[in-house]
Each structure stands twice: as C-alpha cells, then as structure tokens.
Amino acid sequence: MNKDQDLPLRNDIAARFVPKIIILMVYLGTLCSTFTFFMIHSTLLWEEKLTTQLSIEIPFFSDTSSNDLQTQVTDLLQKTPGINKIEVVSKADMETLFHSLLGEDTSVDKFSLPAIVDVSLNKRDTFDVENLETRLKNISPLIQLIDHRLWQSQVSNLLFTSTSLALLLTFLILCSTLVTTFFTTRTSLLIHRKIVEVLSLIGATPSYIAKQFQRNTFKQGLFASSIGAFLAFLTFLGIYFLFEKAGHTFVVTTSFFFEALAIFILTPFITSFFMMLSARRAVMKALCS
Amino acid sequence: MSEVIGELLGVGHQYDEGPEIFKGVSFYIEKGSFHFITGQSGSGKSSLLKILYLGLKPKWGSVKLFGEDTFQIKPTLLPLLRQKIGVVFQEFNLLDHLTVIDNVSLPLRVRGVDIKRSYKHAGELLEWVGLGDCLKAYPPSLSGGQKQRAAIARAIITRPQLLLADEPTGNVDDEMASKLLCLFEELNKSGTAVLITTHNQRILKKFPYPQLALREGTVFQLPVEKKAS
C-alpha cells in the first residue's frame, strides 16, 4: 500500500492525455530555453570580443605624407583622454581581410589602401567623438572617423530583443503547462468527487488530499518531462550536426555545452516541481473555498 | 449536567424547493451519552445525522459541535472537528479501489498514524468484527453485512468522541446486530457519545437507551423502554 493511493489517480481519464501534452510542452520549452541561453552566451562572447569602438582611416598618398599623417594622428590619440588603447592595423591583418573577401591570389600592394587605426575607449568615461573628429579634420580633412558604437548598439538591441522573446516564449510555455496541470487536477477532483467527499468526512485535511494529487502530478510530470527533455536534446544534437555538415559554424563552446546539458537535466525536475505546486493550488483552492 | 458536545437549536431543512423535512429541531448531545434516533422512513433521520457529521448545512437554526458554531467556523478547521466524529454511513461509503484493511485504517492514516501501526490496529478490529479473513478483499466482493461491519470498524477505529451511525444494523442478522450494539456500548463506556438511527424494534427493546423520535417534522424525547430479556 502506498500512501498516495487513497485516490485512484493513476487510472484517470486525464492521466491518458496529460503526459502527451507535457512531453510536447517540455520539448518546446527546453528547446526555447536552450536557444535563450545560446543567445545570451553568444551575445556575451561577441561583446567580449568587441574591443574597438572607433576606427580612423588615414588616406594613402604616394609620397611620404601618409606616414606623417599617421604619426600626427597617433600623437593626437595618445594625448586624448578617455582612450584606452590604439592599434594600427598591420599589413598582415589587412591581407587576411582582403583574402577572405577577394580570394587568396589578390595582392594588397595593388591597392592604394588607407591606413587604419583602431581605437578602444575606456568604457567608464564618456567620450566626445565630435571633438576628436574636429581635431582630426584639422590635421587633414580627408581623415575619416568611423564610430562602430552605432551599429554595435543596434546589433546588441536586436540580440537583446531576440533573447527576451525566447525567454518570454519559454515562460509562456511553462505557464501553459501549469494551467493545463491546474485544470486537469480540477477535472480529476470532479471525477473523484465522491472519494474526496468521503475522505473529507472522515477527517482528511485539504492538505492531505492535495498531497495525493501532488505526488501523482510530480511522478507523472517527471516521467513526461524527462521524455520531452530527452527529445529536445536529440533535436539539439541534430541541429548541431546539421550545421556542422552544412559548413556553418555553430558556436558551441565547452561552457555553453555544460549549460545546455544542465538545462536538459534540470528541466524535468523544475517543470514537475512547478506542476506539483499547480496541482496543490488547484486542490486547495477547490477544497478551502 | 455533563459536558455538552453537540447542540442543535431550531434546526430545520428542506431540499431545494421540496417540503420541509423537519423544523425547529432542538436537542443536546452530552459527553458519553447514548441515544437512538427513531422515525419512519423519510422522516429525516439520515438528514439529521448528515447535519451532525457536517455533510449537510441546514437551512435554518444553529448547530454547535464541541463548542464550535459550525456556521461560523473557518473551513480549515472543519477537518479537525470531523476528526472527533466517527460516522457509519447508510451506504457504507467504502472506497472500492482500496482493500478492506486499507479502508478501515484510512481514518488513522489521515490523522498521520504510520501505515504499519494503522494496519495492526485495523487488523485487530476487523478480526473482532468477524472480517479477519477479508483483510485483503475489495469492498465490491463483500456482502452487505460484511460491508456494514467494515464501515463500523472504520468509524470506531479512532475512538471518536462522537459516533454517528445511520442504520448500522440494517444489513446484518440479529446476532450480529446485537454484537455490534455491544461494541457501541463498549465504546460508549469509554466516553464516546453514540447516536444511532434505527427502526429495528428488537434492537430498541434489547438496548433500552433514550430515544429521539422524529415525528411530523419535529423531535420528541421518548421514555426509556424496559429492557427485553
């Protein structure tokens, strides 16, 4: 005799379809939360690599004035407060960039390429870009200042929106699961109304009756959500290998892999715990009102 | 006067728009008392018991149990009040999916007694009521009399302060009926107030306790009959 068998909940009509719904919900929810973590992880990784906020283009002149301009610009930058680091893009880096765009055979020497100086700013200080631009134009009106922060913030906003949407979707899926559990428990209470009534009349507290539903829901939830999470894991692996095969880079670092693994393992427990609370709420609300 | 554990004042009831079953019913249940509730079929005996075991809210009047007004009491405190009452239902209300021993030990389990102890206690009691060989049987496989005895065992297993029995001898022969009444007497001697509905005249004669007769919608206290030999 198990303590949770005062009510014959295992043979419920509801027990036949609820696990299938939970499997689907957890499958979608797990994929969604994995995607959310992937977005957060990728955004952080990308932001970490973003060290250059400004770039300065110094035009190429056939005589030696290009070098003079570069010296004047670097001198000015070194004297300007709020700048963390300046770096002149080397010829080798330029070649790498060009080869990736125009092919390995392209020689950089054929082009009159401008010199590029990458500037990293101190993140804590506010920086007056317009003032720097004016001073650069005083050196040569042909010098160009490119502020990367504009498009960087646009991409950041886009990533933040995508992450938030994925998070919202995960939350909505969890809510749907809990609402389904709540109403299934209410239906189950109606199905077993007579037994619940007898239990109440012999002195069972609403909490005692709720525990019976809780245990059953937890077991059912853990079983169904484990299947859902496992299927999501297989899908994740499928996507990973598909991307790999297609030659696209799918950024899965070791830390993200462990995060994803934690999601797949913890989701069944978290889901069934909340389902259990939902079942308790449904019973207590019905019996204490 | 000994302690009053139950008090009905001007209680009346009607189901939906039907006729009044009874009205202005007032009586006290003292601690350790023994009463029969008599009356013809449909006189409202079972409804009166239902009101006492908090399974029915009367339309009129007030009901106090163990000093608590049942109309005012918080829903969370109702189970605690019910735990002081043992009920033998007319339809037995045994749970068909549980074995007899699980049914009988249920009131102990809902009070937090561990399964092993509750089984031991239930087993002894079932042995006493003659169901020792039906411990693992399921209620649908039992006869009416066996169900009756299992229901009685479930009602008294917690040694309640108030025992309410709705026609507890309705499905058993006279010998078993007397045996069960003796059990109720034993329980009564240990301080449990007993209230039994019956229309079995032989029982009423053999066990001469005060009778509350429901007639024409109200209750009358009848004199104690002379004990039959």
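Residues numbered from 1 in each chain as written. Chains lettered and ligands numbered in written order. Predicted model: local features only at pLDDT ≥ 70, side-chain atom pairs only at ≥ 80, totals over all residues.

**Points about the overall build of chain B**
Check the secondary structure of chain B and you find seven helices and ten strands. Since a compact globule built from 229 residues should have a radius of gyration of about 17 Å, the 17 Å found for chain B is in line with a globular shape. By its C-alpha atoms, chain B is 50 × 45 × 40 Å across when sized along the principal axes. Within chain B, the proportion of its 229 residues that are buried is 41%. Put simply, of all contacts in chain B between residues at least 6 apart along the chain, 66% involve residues at least 24 apart. (Helix = DSSP H or I, 4+ residues; strand = E, 2+ residues; numbered from the N terminus. Rg over C-alpha atoms; globule rule 2.2 N^0.38 Å. Buried ≥ 20, exposed ≤ 12 C-beta atoms within 10 Å, placed from the backbone. Contact = placed C-beta atoms within 7 Å.)

**Quick look at the overall build of chain A**
Looking only at helices and strands, chain A features eight helices and four strands. Its C-alpha atoms give chain A a radius of gyration of 31 Å, clearly above 19 Å, the size a compact globule of 289 residues would have. Dimensions of chain A along its principal axes, counting C-alpha atoms only, are 100 × 40 × 20 Å. Within chain A, the fraction of its 289 residues that count as buried is 29%. A separation of at least 24 residues holds for 87% of the contacts in chain A among residues at least 6 apart in sequence.

**Concerning the packing of helix α3 (residues 100-110) of chain B against helix α4 (residues 115-128) of chain B**
Residue and element names in this part refer to chain B. Across the interface, α3 lies against α4 with an axial gap of 8 Å and an inter-helix angle of 120 degrees. Classified by the angle between their axes, α3 and α4 sit oblique to one another. Two packed elements cross with a definite hand, and for α3 against α4 that hand is right-handed. Residues Val100, Ile101, Val104, Ser105, Leu108 and Arg109 of α3 form the contact with α4, whose participating residues are Ile115, Ser118, Tyr119, His121, Ala122, Gly123, Leu125 and Leu126. Counted by class, the contact of α3 with α4 contains nine nonpolar, four polar and one charged residues. (Axes fitted to C-alpha atoms, helices over the stretch in contact; angles between N-to-C directions. Parallel < 35°, antiparallel > 145°, perpendicular 65-115°, else oblique. Left-handed = near helix turned anticlockwise from the far one by under 90°. Nonpolar A, V, L, I, M, F, W, Y, C, P; charged D, E, K, R; others polar.)

**What about the sheet that holds strand β3 (residues 115-121) of chain A?**
Note: strands within a sheet are paired through backbone hydrogen bonds, in either parallel or antiparallel orientation. Residues and elements named next belong to chain A. The antiparallel open sheet is built from four strands, whose spatial order is β2-β3-β1-β4. In this open sheet, the two strands that pair with only one neighbour each are β2 (83-88) and β4 (144-147). Taken pair by pair, the neighbouring strands of this sheet meet at an average axis angle of 20 degrees, ignoring direction. Examined bridge by bridge, β2 and β3 share five bridges and lie antiparallel to one another. Each bridged residue has a counterpart across the sheet, and for Ile86 the counterpart in β3 is Val119. (Pairing = 2+ DSSP bridges.)

**Re the sheet that holds strand β7 (residues 162-166) of chain B**
All names here are of chain B. The six strands lie next to each other as β6-β7-β8-β3-β9-β10, forming an open sheet whose pairing is mixed. Every interior strand has two partners, whereas the edge strands, β6 (85-88) and β10 (218-222), have only one. When strand polarity is set aside, the average angle formed by the axes of neighbouring strands in this sheet is 20 degrees. Bridge count for β7 against strand β8 (residues 193-197) is five bridges, and the pairing is parallel. Bridge pairing links Leu162 to Ala193 in β8. Helix α5 (residues 144-156) contacts β6 and β7 of the sheet and is inclined by roughly 175 degrees relative to β6.

**Brief notes about the interface of chain A and chain B**
At the interface, 13 residues of chain A touch 17 residues of chain B. Here the side of chain A that touches chain B gets four residues from one element, more than from any other, and that element is helix α6 (residues 193-201) of chain A.

**Side note on the domain arrangement of chain A**
Domain boundaries assigned for chain A yield domain 1 (8-48 + 156-288) and domain 2 (51-147). The C-alpha centroid of domain 2 of chain A is placed 52 Å from the C-alpha centroid of domain 1 of chain A. (Domains from an automatic or database assignment.)

**What about the nonpolar core?**
Grouped together as the largest cluster of nonpolar side chains are 78 residues, with contacts concentrated most on Val104(B), Leu126(B), Ala153(B) and Leu164(B). Setting aside its immediate chain neighbours within four residues, Leu126(B) contacts Val100(B), Ile101(B), Val104(B), Leu131(B), Gly132(B), Leu135(B) and Ala153(B). Of all hydrophobic cores here, the second largest spans 20 residues; its members include Ile22(A), Ile23(A), Ile173(A) and Ile263(A). (Core = buried A, V, L, I, M, F, W, Y, C linked by C-beta atoms within 7 Å.)

**Digging into the packing of helix α2 (residues 65-79) of chain A against helix α4 (residues 129-139) of chain A**
All names here are of chain A. The contact between α2 and α4 brings their axes to 10 Å, and the two run at 155 degrees. Here α4 runs roughly antiparallel to α2, going by the angle between their axes. As for how α2 packs across α4, the hand of that crossing is right-handed. Counting all contacts with α2, which are made through Leu69, Gln72, Val73 and Leu76, the residues of α4 involved are Arg135, Leu136 and Ile139. By residue class, the composition of the contact of α2 with α4 is five nonpolar, one polar and one charged.

**Concerning the environment of Leu77(A)**
Residue and element names in this part refer to chain A. Along the chain, the position of Leu77 falls in helix α2. Sequence-wise, Leu77 and Leu28 are 49 residues apart; in three dimensions their C-alpha atoms are separated by 51 Å. Apart from residues no more than four positions distant in its own chain, Leu77 is found in contact with Ile83, Ile86, Val117 and Val119.

**A few points about the pairing of strand β2 (residues 20-30) of chain B**
Residue and element names in this part refer to chain B. One ladder, built from seven bridges, connects strand β1 (residues 4-14) with β2; its direction is antiparallel. Counted as the bridge partner of Glu7 is Tyr28 from β2. Connecting β1 to the next strand, β2, in antiparallel fashion are five residues, including Asp16 with a positive phi near 50 degrees.

**A closer look at the confidence of the model for chain B**
Atomic detail in the predicted coordinates should be set aside for any region of low pLDDT. Per-chain confidence: chain B averages 88 in pLDDT, with 97% of residues scoring 70 or above. The complex model carries a pTM of 0.78, and its ipTM stands at 0.87. (pLDDT = per-residue confidence, 0-100.)

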